[in-house]
Structures are given as structure tokens and as C-alpha cells.
There are 2 protein chains.
Amino acid sequence: MGTPSTSPSPQRPRGRPPKMAAPGAVATALRLLDEEGLDALTMRRLATALDVQVGTLYRHFATKQDLLAAMAEEMLAGCAGPLPEGTTWQEQVTELAGRLRAALLRHRDGARVYAGTHAVGPNTLSYTDTLVGVLRAAGLPTQAATRTAFAIVHFTLGHTLEEQAAAELIDSGLPAALDALHAALDRRRYPNLSDAAATITSTDFAAQFAHGLNLLINGLAVR
Amino acid sequence: MGTPSTSPSPQRPRGRPPKMAAPGAVATALRLLDEEGLDALTMRRLATALDVQVGTLYRHFATKQDLLAAMAEEMLAGCAGPLPEGTTWQEQVTELAGRLRAALLRHRDGARVYAGTHAVGPNTLSYTDTLVGVLRAAGLPTQAATRTAFAIVHFTLGHTLEEQAAAELIDSGLPAALDALHAALDRRRYPNLSDAAATITSTDFAAQFAHGLNLLINGLAVR
DNA sequence: ACCTGAACACCGTTCAAGT
DNA sequence: ACCTGAACACCGTTCAAGT
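Residues numbered from 1 in each chain as written. Chains lettered and ligands numbered in written order. Predicted model: local features only at pLDDT ≥ 70, side-chain atom pairs only at ≥ 80, totals over all residues. Heavy atoms only, no water.

- Per an unreviewed UniProt entry, chain A carries the name TetR/AcrR family tetracycline transcriptional repressor and comes from Thermocatellispora tengchongensis.

If you want it as C-alpha cells, here you go:
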């Protein structure tokens, strides 16, 4: 009964074999992002890199926004993975927040891509679910755990956005940045910033991140 | 000596009177932003709104990025204004963070505009200086005060980014958003998120913001 | 001094037609 | 079923020429 076994495959039995696949396209898009940056990531350049016509991309992604959302989602792969055992909830929260920061930093303009898409895929959901779970296990009621998880994610996103902006500004030869710093050092106008020059010009972003994250964790004051 | 008093003005005595001025252009750009959103804010549309040719804009802003930076800077006008007297440092920090959130929310896509420009104008510098000042007055050493100020700004930026994204998603008829929520309610895959459905779907962004900000403030544990 | 007009080198998106 | 080829309606940016 049915067609003979000469049909090419039971899952995709007829028509031309696909020249491109969505997962591969996302991987190529992330490579292009790393090489050229977000502003240079166009549908046309992606099509060229995939050796395909531009229109073909719209068979897999309805809009460029959808492509970016798929990229943002892909970035979080693995962030919700198993946590080291025998650790305190504070260490687990620190681990999870660190994973998110690392995931966004791993790709050029990663934070901008993530911030620009309201990502709601399984990787993002799993990540948030895991973070809320750690906070509930620490003794927080559901609402407090959820709001705290969002606060941690929002802080991490904002921090990483600035960290990447600062990094790109630094290795692009900081033109107006030094002028602004000079203005900041004006003791009359910005007395506090001028005292803080060392901290402001510091590139120890890990310490800056740890400071903010510790504030959030300490603020919970869980017994 | 010199030209007679018939010359039009001592400051701009010769040539054609300017048809546009940078401050007016920024104000118009912010109005366009509110009306059409960031994606529709193009140099060409701004030129049309100003009744000027596109090229003329490049006399005042070297690039579109410069325009966006000027808009971001303008948004923070007044945020560093005098603080109410006779208040605790906690109340002052809350006031300042609330002003930043309000400033970013005041314009459509305001957070996205601010996040996309590494703003370093006087309004931004004054704001940060004021926040650092309040934290130092509360007893924090300079480095801790500065890092805390950045943490507060980064959290506020991240929170506001998500708040505006959620708001635009809500009044654009949330298409895939309900699907994602449905997935989140899958108790097998996201046990914690499904318990937190009420908090996740809440539109009480002010409470969400206050929660995160209080965490940061409590975390300081200043005597 | 300031603006116009026109061009250059691109974009995202759509869709008939091919195989 | 999947892709090509070509078009549509735009972009940001530059620059000679006008007044």
C-alpha cells in the first residue's frame, strides 16, 4: 500500500531539497554579527553568505525582526543548564546571572540584539524559570522570586549593554569620549564624578557587575 | 569704526538667516518619535517635518547617531534638578531613579533611543553626578557610590526597555505573545513560571520597578 | 553662510515565474 | 516544494551648485 520505497524520504518525500535551513541561517547570522557588527547585518548580506537569493530568507523568517529574535533566543542556549551541586542559593544566582552576561557578551552587539527583541523562546523561558526556581528554593514567595528574577535580568541586560558600548567605543579609538571624560573631570560642574575618575575609567566590568549583583542579592535579606 | 548699525545682528551679521536650528530639530525629532516610533524616524521624514532638504540636516548632525544622541541627552533635561529637602538618602535615590524611568518612558521608544546611544552630554553627566553625590552623602566611599550609581542606572535602563517593549506589544494586539504565555503556563516545562503567571502577566510596572530598586537600596546596608 | 537638487550605494519586503 | 529574478518603495550620506 502507498508509494514504493523508492521515494527519497518518508518525512520530505517530494519537491526540491531545501538549499538552506533556519538553524543554519541563524548560525551564519551570528557569525556575520561577530565579524561585522549589528549595523552591517542585513538580509542581503546574510543571503549572500548563505549563497541564496534575498527573497528566500522570507520563507524562513517573516521579517528581519524574526531573524533577530531567533538569534537572541539562540544566544541563551545552555544558560539554563544544570547548576553545580552543594552550592548556596547566592552562588547559584551568581552563576545564573554570570551565564546570562557571558551569553550576551559572547557575540558582538549581543546585548543590543537581545534588548531589541522581546525574546520569548524556550531558552529564555527555561532560563527565567530556573532563576525563579532558585529564588523560591531560597525561601522567597512566588511573587517576590519572580520580581527579583526580572530585576536581575534587567540589571544584567542594562549592564551588558553599557559594557559592550564601552568596549566598542574603546577599541574604535574613543574620539569624543575623551572630551566627555575631560568635561566629567571638571571639578566645578561634576564634583562627584571628578573624584570618581578612577572608577569611571575602569575597564574592570566584572567587578562592576559583581557589585550590582551583590547589591540585589544582599537586598533580599533572606534568613 | 566698523560697520554701521544697519547690520542685522552683531552675532550673525552676514549670510542667509538659518532656516533650521539644532535645538528645534531635536524637539521636532522627539515629536516625530512619539507619533511614529523609532523605526519610522528617518532623516528624510525629519527633513520634511522641518521643511528642509535632507542634506541640510548634515550641517547640524554629522550622522543619524549624533541626532539620536542629542535626543537621548535632551530626554534627561531636568533629571538632575534639586531634590526635596528633609528627606532620607533612600528617598532621594528613589526620587532620582524614578525621574530617570519617567524621562525614558515619556517618549515612545525612549529607552531604546537612550540605550542605543552612549550618551555623555551635560544632562547625563549631571544626573550621574547627583546620584553619586547622594550615595556619598549617605556614607558610601567614592568607588562604592559610583558603582552603585551605575547599577541603579543600568537596572533602570533594562527595566524601562522591557516595560516599553511590553507596552508596545500589548497595544499592538499581542499575537505570538499569548502563545508564548501559553507555553509558559506548561507546568511540565516551566513549573516556576506557571506558578508565577499572575506576576508575569501583571502590568503593574511601577511595583516591579520599586521591587528591584528596593533590592539595590537594601543591599547597601548602610548604617 | 546656508541651503537646494541630485546623485550614490545601499536597504527590507513582495511576488510572479521557473524547476 | 523550494528557489530565482526582478521590482517597489524606501534608506543614510555626500557634494557640486546656487543665492
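**Regarding the UniProt feature "domain: HTH tetR-type" (unreviewed entry) in chain A**
Alright, step 1. Mapped onto this structure's residue numbering, the UniProt feature "domain: HTH tetR-type" (unreviewed entry) falls at residues 19–79 of chain A.
Alright, step 2. Counting secondary structure, residues 19–79 of chain A comes out at 62% helix and 0% strand; the distance between its end C-alpha atoms is 31 Å. (UniProt positions renumbered as here; feature names shortened; annotations may be inferred. Helix = DSSP H or I, 4+ residues; strand = E, 2+ residues; numbered from the N terminus.)

**Quick look at helix α4 (residues 64–75) of chain B**
All names here are of chain B.
Alright, step 1. Helix length check: α4, at 12 residues, gives a terminal C-alpha distance of 17 Å against a target of 16 Å (1.5 Å per residue), a fit within 8%.
Alright, step 2. Taken residue by residue, α4 has L67, L68, M71, A72, E73 and M75 as its buried positions.
Alright, step 3. Where α4 is buried, its residues meet α1 (22–36), α2 (43–49), α5 (89–105), α6 (110–116) and α7 (122–137).
Alright, step 4. Among the residues of α4, the N-terminal cap falls to T63, whose side-chain oxygen and the backbone nitrogen of Q65 are separated by 3.3 Å. (Expected span 1.5 Å × (residues − 1). Buried < 20%, exposed > 50% of the residue type's maximum accessible area, 1.4 Å probe, protein only. Contact = heavy atoms within 4.5 Å. Polar contact = N/O pair within 3.5 Å; in protein donor to acceptor, adjacent residues only side chain to side chain.)

**Things to note about the UniProt feature "DNA-binding region" (unreviewed entry) in chain A**
Alright, step 1. The feature "DNA-binding region" (unreviewed entry), as annotated in UniProt, sits at residues 42–61 of chain A in this numbering.
Alright, step 2. Its end C-alpha atoms 13 Å apart, residues 42–61 of chain A is made of 55% helix and 0% strand.

**Quick word on the side chain of A:T124**
All names here are of chain A.
Alright, step 1. Tracing the backbone through its elements, the reader meets T124 in helix α7 (residues 122–137).
Alright, step 2. Looking at T124, its side chain comes within polar contact range of the side chain of E73, at 3.1 Å.
Alright, step 3. Once residues lying within four places of it in the same chain are set aside, the contact partners of T124 are E73, L76, Y114 and A119.

**Quick look at the environment of A:R45**
All names here are of chain A.
Alright, step 1. Looking at where R45 falls in the secondary structure, it is placed in helix α2 (residues 43–49).
Alright, step 2. Residue R45 is classed as partly exposed on the basis of its relative accessible area, which comes to 44%.
Alright, step 3. For the pair R45 and H118, spaced 73 residues apart in the sequence, the C-alpha separation amounts to 24 Å.
Alright, step 4. Look past the residues within four positions of R45 in its chain and what remains in contact with it is L32, E36 and A40.
Alright, step 5. Within the structure, R45 has its side chain in polar contact with the backbone oxygen of A40 (distance 3.1 Å).

**Considerations on the pattern of salt bridges**
Residue and element names in this part refer to chain B.
Alright, step 1. For the structure on display, the rule yields 14 salt bridges over all chains.
Alright, step 2. For the salt bridge of R99 with E95, the shortest nitrogen-to-oxygen distance reads 2.8 Å. Taken together, the positions of R99 and E95, both in helix α5 and four residues apart, correspond to about one turn of that helix. (Salt bridge = Lys/Arg side-chain N within 4 Å of Asp/Glu carboxyl O.)

**Examining the nonpolar core**
Alright, step 1. With 123 residues, the main nonpolar core has A:M71, A:L131, A:L135, B:M71, B:L131 and B:L135 as its most contacted residues.
Alright, step 2. What B:M71 contacts, discounting residues up to four positions off in sequence, is B:V26, B:A29, B:L30, B:L33, B:L41 and B:V113. (Core = buried A, V, L, I, M, F, W, Y, C linked by side-chain atoms within 4.5 Å.)

**Digging into the packing of helix α5 (residues 89–105) of chain A against α7(A)**
Residues and elements named next belong to chain A.
Alright, step 1. Running from N to C, α5 and α7 cross one another at 160 degrees; their axes reach a closest spacing of 9 Å. With respect to α7, the element α5 is oriented roughly antiparallel. Of the two elements, α5 crosses α7, and the hand of that crossing is left-handed. Between α5 and α7, the contacting residues are W89, Q92, V93, L96, A97 and L100 on the first element and Y127, T130, L131, V134 and L135 on the second.
Alright, step 2. Looking at the contact of α5 with α7 residue by residue, the class counts come to nine nonpolar, two polar and no charged. (Axes fitted to C-alpha atoms, helices over the stretch in contact; angles between N-to-C directions. Parallel < 35°, antiparallel > 145°, perpendicular 65-115°, else oblique. Left-handed = near helix turned anticlockwise from the far one by under 90°. Nonpolar A, V, L, I, M, F, W, Y, C, P; charged D, E, K, R; others polar.)

**Digging into the protein's contact with DNA strand C**
Alright, step 1. By nearness alone, 23 residues border DNA strand C, and A:R44, A:Y58, A:K64, B:R16 and B:K19 come closest of all.
Alright, step 2. If you look at DNA strand C and keep only atoms within 4 Å of the protein, 58% of those are sugar or phosphate atoms.
Alright, step 3. B:R59 is positioned with one of its side-chain polar atoms (N or O) 3.3 Å from a base nitrogen of DNA strand C.
Alright, step 4. Among the secondary structure elements, those contributing two or more residues to the surface near DNA strand C are α2 and α3 (54–57) of chain A.
Alright, step 5. Examining the composition of the surface near DNA strand C, we find that three residues originate from one element, α2(A), more than from any other.
Alright, step 6. Among the residues forming the surface near DNA strand C, the class breakdown is six nonpolar, seven polar and 10 charged. (Near = heavy atom within 4 Å.)

**Comments concerning the protein's contact with DNA strand D**
Alright, step 1. Residues in contact with DNA strand D amount to 23 residues; listed here are only the nearest, A:K19, A:Q53, B:R44, B:Y58 and B:K64.
Alright, step 2. Sugar plus phosphate, as a fraction of atoms of DNA strand D within 4 Å of the protein: 56%.
Alright, step 3. B:M43 has a polar backbone atom sitting 3.0 Å from a phosphate oxygen of DNA strand D.
Alright, step 4. Contributions of two or more residues to the surface near DNA strand D are made by α2 and α3 (54–57) of chain B.
Alright, step 5. It is α2(B) that contributes the most residues to the surface near DNA strand D, three residues altogether.

**Side note on helix α1 (residues 22–36) of chain A**
Alright, step 1. Over its 15 residues, α1(A) extends 21 Å from the first C-alpha to the last, a length consistent with the 21 Å expected when each residue adds 1.5 Å.
Alright, step 2. In the segment just after α1(A), A:G37 is the residue with positive phi, at about 90 degrees.

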